[in-house]
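Letter by letter, the chains look like this.
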Amino acid sequence: MDPQADPALSSCWSGWHDRLHRELLKQPKLLPQGAMLLLAVSGGQDSMALTALLLGLRRLHNWTLHGWHGDHSWHQGSSAIATELQRWYEDQGLRLAISRANAEQAGSEAKARDWRYDQLGRTAVEISQAHPDLPCRRVICAHTATDKAETLLLQMARGTDLAGLGSLRRERTLDSANDPTLLLVRPLLSFTRKETATICSELKLPIWNDPSNNDLRFGRNRIRQEVLPVLNAMHPGCEQRMAHLSERLSQLEDSQSALLRLSLRTLEEGPGLNRRHVAALAPGLRRMLLAQWLRDQGAPPLNHRQLDDLTSATASGEGPGGRDLGCGWRIQWDKNALQLEQKP
């Protein structure tokens, strides 16, 4: 179907719509035809550009759209932003659910992120219960190539493994206790923040800027305002290249994980691993296998120093020992076996 041949579509069609539409045609399972989609909307330029593009493509793909906004209460005007955003959504014929966090729930970047994903999961379940014939299986976030580049820089600075360098995937499970089948989808990862600003300008979209985005106490804000501008001045368009690198690393990590899981089968012994066989491996391979085993068992991720320590300790000749991994998890070993346990 040619969108320009349909008067109802051509009035809201742009080159940006065409670009996203063509990308989605190459990945039909990302946002399937006829799906119920829950959009996470902050009111900033990225989420407003996402909303406008999906609204323009809605008829072509037969989607049903719902919105969700999280009010972190980080500044005095947050409630007014939520109200104005909800009114704009209603003007577009869409519903926008609003959740409000207290100081404890949004006391840090990490806590706020966990709260948002939990609330998105709850909202998706509520939508599914209200529409049992069309359950909500996808939460849509407006992360861009710029976000992916920022995350790559942050992970490199903090110290991470291959999985951390390939984070912000186009699709992953939401990890919601409310619905383990719920997916988090990021359809704008080929767009930059400069492009989403242009989309908002050309489509005359309102933008609600959150003052907390200028707070340099948050690490991501410092990367966005102080680091990326310097890199872009030196190497224009660098965030897209870094985003592409992160995507290739995620593909490499997937291939590596598949091979590591095959190798782990030869090391299994009862509920754990044969320590003697693990200790006989080269340190680099031992490190990768231990990291993969911990991920597969659901243990919390370790930074590179913790992994290095664990790699050395499990290969030493010492007798019974162990390490606390956080969140109630502990790895223990004797001369023959490595085992994981999690306390309630």
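Everything here concerns the structure above.
Procedures and definitions
Note that residues are indexed from 1 along each chain, following the sequence as it is written. Selection of residues for local features in this predicted model requires a pLDDT of at least 70, selection of side-chain atom pairs for listing and counting requires 80 or more, and totals for whole chains, interfaces and linings are taken over all residues. Hydrogens and water molecules were not included; the side-chain quantities draw on all heavy atoms of the structure. Here a strand is any run of E in DSSP of at least two residues, a helix any run of H or I of at least four, and the numbering for each starts at the N terminus. Buried, partly exposed and exposed residues are distinguished by accessible area as a fraction of the type maximum, computed with a 1.4 Å probe on protein chains only: under 20%, between the cut-offs, and over 50%, respectively. Residue contacts are defined here by distance: any two heavy atoms, one from each residue, within 4.5 Å place the two residues in contact. Areas reported here follow the Shrake-Rupley algorithm with a probe of radius 1.4 Å; residue values treat only the protein chains shown as occluding. Note that His is not counted, nor are the chain ends; the positive residues are Lys and Arg, and the negative ones are Asp and Glu. Charge positions are represented by NZ for Lys, CZ for Arg, CG for Asp and CD for Glu. Polar contacts here mean pairs of N or O atoms no more than 3.5 Å apart (in protein, one a potential hydrogen donor and the other a potential acceptor; neighbouring residues in sequence count only if both atoms are side-chain atoms). Buried Ala, Val, Leu, Ile, Met, Phe, Trp, Tyr and Cys residues that are joined via side-chain atoms within 4.5 Å together make up what is termed a nonpolar core. For two strands to be treated as a pair, DSSP must find at least two bridges joining them. Whether two aromatic rings pair depends on their centres lying within 6.5 Å, for rings of Phe, Tyr and Trp, where Trp uses its six-membered ring; planes under 30 degrees apart make the pair stacked, over 60 edge-to-face, and the rest tilted. We call a charge positioned above a ring when the Lys NZ or Arg CZ atom is no farther than 6 Å from the ring centre and deviates by at most 35 degrees from the ring normal.

Caption draft 1: Focus on the overall build of the protein. The secondary structure content of the protein amounts to 13 helices and 11 strands. Here the C-alpha coordinates of the protein stretch approximately 75 × 50 × 45 Å along the principal axes. The burial tally for the protein puts 46% of its 344 residues in the buried class. Within the protein, counting contacts between residues at least 6 apart in sequence, those at least 24 apart form 69% of the total. With the model as given, the accessible surface of the protein reaches about 17600 Å², and the carbon-plus-sulfur share is 51%. Of the charged side chains in the protein, 42 are positive and 39 negative, and the gap between their average positions amounts to 3 Å.

Caption draft 2: Here's a closer look at the side chain of Ser14. Inspection of the secondary structure puts Ser14 in the loop between helix 1 (7-10) and helix 2 (15-26). In this structure the side chain of Ser14 is engaged in a polar contact, spanning 2.7 Å, whose partner is the side chain of His17.

Caption draft 3: Fine view of the nonpolar core. Judged by nonpolar contacts, the single largest core of 37 residues is most densely connected at Leu54 and Trp63. Residue assignment for this core shows that the elements contributing at least two residues are helix 2, strand 1 (36-40), helix 3 (45-61), helix 4 (78-91), strand 6 (183-185) and helix 8 (193-202). For this core, the leading source of residues is helix 3, giving nine residues. When residues no more than four places from it in sequence are discounted, the contact partners of Leu54 are Leu20, Leu31, Leu39, Trp63, Leu65 and Ile140. Membership of the second largest hydrophobic core comes to 20 residues, among which are Leu273, Leu307, Trp329 and Trp333.

Caption draft 4: Representation of the sheet that holds strand 9 (residues 321-326). What the five strands build is an open sheet, ordered 7-8-11-10-9; its pairing is antiparallel. Looking along the sheet, the strands with just one partner apiece sit at the ends: strand 7 (268-269) and strand 9. One ladder, built from five bridges, connects strand 9 with strand 10 (residues 329-333); its direction is antiparallel. Its bridge partner being in strand 10, Gly326 is matched across the sheet by Trp329.

Caption draft 5: Representation of the side chain of Ser47 within the structure. Mapped onto the elements, Ser47 comes out in helix 3. For Ser47, a relative accessible area of 4% puts it in the buried group. Excluding residues within four positions of it along the chain, Ser47 makes contact with Ala40, Val41, Ser42 and Ala142.

Caption draft 6: Geometry of the packing of aromatic side chains. Evaluation of the coordinates by the stated rule reveals three aromatic pairs. Relative to Trp115, the ring of Trp68 lies with its centre 6.0 Å away and its plane at 55°, an arrangement referred to as tilted. Here Trp68 is found in strand 2 (residues 64-71), whereas its partner Trp115 is found in helix 5 (residues 109-130), with 47 residues between them in sequence. Using a relative accessible area of 6% as the deciding quantity, one classes Trp115 as buried. It is Arg19 that lies over the ring of Phe191; its NZ or CZ is 3.9 Å from the centre.

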